[in-house]
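Coordinate inspection notes
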Amino acid sequence: MSSIISFREATKVFPAPRGRGREVRAVDGVSLDVREGEIFGVIGYSGAGKSTLVRLVNALETVTSGDVVVDGVSLASLGEARLRPVRAGIGMVFQQFNLLSSRTVAGNVAYPLEVAGWTRAQRDARVAELLEFVGIADKAGAYPSTLSGGQKQRVGIARALATNPRILLADEATSALDPETTQDVLALLQRVNRELGITVVVITHEMDVVRSICHRVAVMEHGRVVEVGEAYQVFSAPAHDVTRRFVATALRDRPSPAVLERLRTRHTGRIVTVGVDEVAGSSALITRVLREHGVDGTVVYGGITEVAERPYGSLTLELVGDAGAVEEAVVALRAVTLVDDHGRADR
Ligand SMILES: Nc1ncnc2c1ncn2[C@@H]1O[C@H](COP(=O)(O)OP(=O)(O)O)[C@@H](O)[C@H]1O
Ligand SMILES: [Mg+2]
């Protein structure tokens, strides 16, 4: 797959406010490739530089040094006039929707088409098609103030798609929405990617967003990319401390020390946590190993979820049986998956 956005040692420094204090290196020497046709996530805590990074892509900001190459075009070398067509090829959606309150839903979606000089008839047809695609055709004549957050973001997405961009940037697009609406909007972004073939860059501080739809992810801290890779890989083996903290917030399958203590008072057998993923430990494989050793395994904690549409999680089991058999079963489990052995309650 070829790269559609290429950051090359991209750096953005903001001067110190009113010349006092220190300058801010919002983006600090980032080199990164977003591949054509993927959903790419950028995750980081507030202030990490995520918004500045995406604003470099549609030239809302320009690099202090380095370059950003979009669709083969080096933005650092372009003047304002030649940046305009680059911007037109990129759609953007925002956390606060940024809809025009004085315009109807249809009027909001038509706005970029008016700017681009489409005729009335062309606009009407395109707006109808877009509202159908995002599922709010019945709201065409409504004003934004009468819409729910999820509906507003659908309008935002329709507007961003109006001029057929090849890239859609979503900056915290679901951060103002409740969890259920978030999933609906993420599903819509996934359709934008799959059905329209648009490359989607998702900025977020929520690992659940990455878990749900991103193919690959970059983790940012202090303006730098500290980790990048396949979402599944990053979840399975987070290399950086920040990444580990994010992963822990998205996967609540592992018992905390306090939970383990309670498990030990409720269960007298050997407590082990086994990793479940599509490669090593499928739950069927784990069950078979236990059966072969004549050991009973009862699930006492955990959960299996999906990361990038692949099974992922862990199960905490109480193993009960002959002490030797349990020992051998644990050894056999280690051969097929990651095992965290919490031992046996002292009785
Ligand atoms: N226009 C600006 N002028 C000065 N400082 C800015 C500007 N935009 C962002 N910053 C600073 O750059 C850093 C990164 O900000 P931002 O890219 O918004 O991070 P994030 O989106 O990850 O929260 C922050 O310290 C922020 O205060
Ligand atoms: Mg931001």
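Residues numbered from 1 in each chain as written. Chains lettered and ligands numbered in written order. Predicted model: local features only at pLDDT ≥ 70, side-chain atom pairs only at ≥ 80, totals over all residues. Heavy atoms only, no water.

Per the secondary structure count, the protein includes 12 helices and 14 strands. Considering only C-alpha atoms, the protein reaches an extent of 80 × 50 × 40 Å along its principal axes. Across the 347 residues in the protein, those meeting the buried criterion constitute 49%. Considering only contacts within the protein whose residues lie at least 6 apart along the sequence, 70% involve residues at least 24 apart. Roughly 16700 Å² of accessible area belongs to the protein as shown, and the carbon and sulfur atoms make up 49% of that amount. (Helix = DSSP H or I, 4+ residues; strand = E, 2+ residues; numbered from the N terminus. Buried < 20%, exposed > 50% of the residue type's maximum accessible area, 1.4 Å probe, protein only. Contact = heavy atoms within 4.5 Å. Areas by Shrake-Rupley, 256 points an atom, 1.4 Å probe, with all protein chains shown as cover.)

The next point concerns the domain arrangement of the protein. Often, the extent of an interface is quoted as the loss of accessible area on bringing the components together. When the domains of the protein are assigned, the result is domain 1 (3–250) and domain 2 (257–344). The straight-line distance from the C-alpha centre of domain 1 to that of domain 2 is 40 Å. Taken together, the eight residues of domain 1 in the interface contact 10 residues of domain 2. Both faces considered, domain 1 and domain 2 share a buried interface measuring about 820 Å² in area, 53% of it formed by carbon and sulfur atoms. Together, Arg211, Tyr232 and Phe235 form the three largest contributors to the area buried by domain 1 at its contact with domain 2, with a combined 71%. Inspection of the region where domain 1 meets domain 2 yields one salt bridge. With a closest N to O distance of 2.9 Å, glutamate 309 and arginine 194 form a salt bridge. Across the contact surface, domain 1 and domain 2 share seven residue pairs in polar contact (both at pLDDT 80 or more). Breaking the side of domain 1 that touches domain 2 down by element, the ones donating at least two residues are α6 (179–196) and α8 (231–236). (Domains from an automatic or database assignment. Buried area = accessible area lost by both parts, 1.4 Å probe. Salt bridge = Lys/Arg side-chain N within 4 Å of Asp/Glu carboxyl O. Polar contact = N/O pair within 3.5 Å; in protein donor to acceptor, adjacent residues only side chain to side chain.)

Within the secondary structure, serine 6 is located in strand β1 (residues 3–14). Overall, serine 6 belongs to the buried group, its relative accessible area being 3%. Looking at serine 6, its side chain comes within polar contact range of the side chain of aspartate 33, at 2.9 Å. Apart from residues lying up to four places away in sequence, serine 6 is in contact with Leu32, Asp33, Asp67, Val68 and Val69.

Moving on to the nonpolar core. Residues Ile157, Val192, Met207, Val210 and Phe235 are the most contacted members of the largest nonpolar core, which totals 53 residues. For valine 210, the residues in contact, after removing those within four places along its chain, are Ile43, Thr204, Val217, Ala231 and Phe235. Among the nonpolar cores identified, the runner-up in size contains 31 residues, and Val27, Ala59, Ile167 and Met220 belong to it. (Core = buried A, V, L, I, M, F, W, Y, C linked by side-chain atoms within 4.5 Å.)

Take the packing of helix α11 (residues 283–292) against helix α12 (residues 323–336) next. Packing of α11 against α12 brings their axes to within 9 Å, and their N-to-C directions diverge by 155°. Viewed along their axes, α11 and α12 adopt a mutual orientation that is roughly antiparallel. Between α11 and α12 the crossing geometry is right-handed. Only Ala329, Ala332, Leu333 and Val336 of α12 make contact with α11, whose side of the interface consists of Leu285, Ile286, Val289 and Leu290. Class assignment for the residues of the contact of α11 with α12 results in eight nonpolar, no polar and no charged. (Axes fitted to C-alpha atoms, helices over the stretch in contact; angles between N-to-C directions. Parallel < 35°, antiparallel > 145°, perpendicular 65-115°, else oblique. Left-handed = near helix turned anticlockwise from the far one by under 90°. Nonpolar A, V, L, I, M, F, W, Y, C, P; charged D, E, K, R; others polar.)

The next point concerns the packing of aromatic side chains. Enumeration according to the criterion identifies two aromatic pairs in this entry. Where tyrosine 45 meets phenylalanine 246, the ring centres are 4.4 Å apart and the plane angle is 25°; that geometry is what we call stacked. Within this pair, whereas tyrosine 45 is found in the loop between β3 (39–43) and α1 (50–57), its partner phenylalanine 246 is found in helix α9 (residues 241–250), the two being separated by 201 residues in sequence. Note on phenylalanine 246: relative accessible area 2%, which makes it buried. Relative to tyrosine 312, the ring of tyrosine 232 lies with its centre 5.7 Å away and its plane at 80°, an arrangement referred to as edge-to-face. With tyrosine 232 in helix α8 and tyrosine 312 in strand β13 (residues 310–320), this residue pair connects regions lying 80 residues apart in the sequence. The buried category is assigned to tyrosine 232, whose relative accessible area is 6%. Judged by its relative accessible area of 13%, tyrosine 312 is buried. Positioned over the ring face of phenylalanine 133 is arginine 191, at 4.3 Å from the centre of the ring. Geometry around tyrosine 232 places arginine 310 over its ring, the cationic atom sitting 4.0 Å from the centre. (Phe/Tyr/Trp six-rings, centres within 6.5 Å; stacked < 30°, edge-to-face > 60°. Lys NZ or Arg CZ within 6 Å of the ring centre and 35° of its normal.)

Among the secondary structure elements, arginine 264 is positioned in helix α10 (residues 257–266). Residue arginine 264 is classed as partly exposed on the basis of its relative accessible area of 29%. Taking the C-alpha atoms as reference points, arginine 264 and glutamate 318, separated by 54 residues in sequence, lie 9.5 Å from one another.

All right, on to α6 then. Between its first and last C-alpha atoms α6 spans 25 Å; for 18 residues at 1.5 Å apiece the expected length is 26 Å, and the two agree. Residues Thr181, Thr182, Val185, Leu186, Leu188, Leu189, Gln190, Val192 and Asn193 constitute the buried set of α6. On its buried face, α6 is in contact with β3, α4 (120–134), α5 (149–161), β7 (167–171), β8 (199–204) and α7 (207–213). Glycine 197 lies just past α6 and shows a positive phi near 70°. (Expected span 1.5 Å × (residues − 1).)

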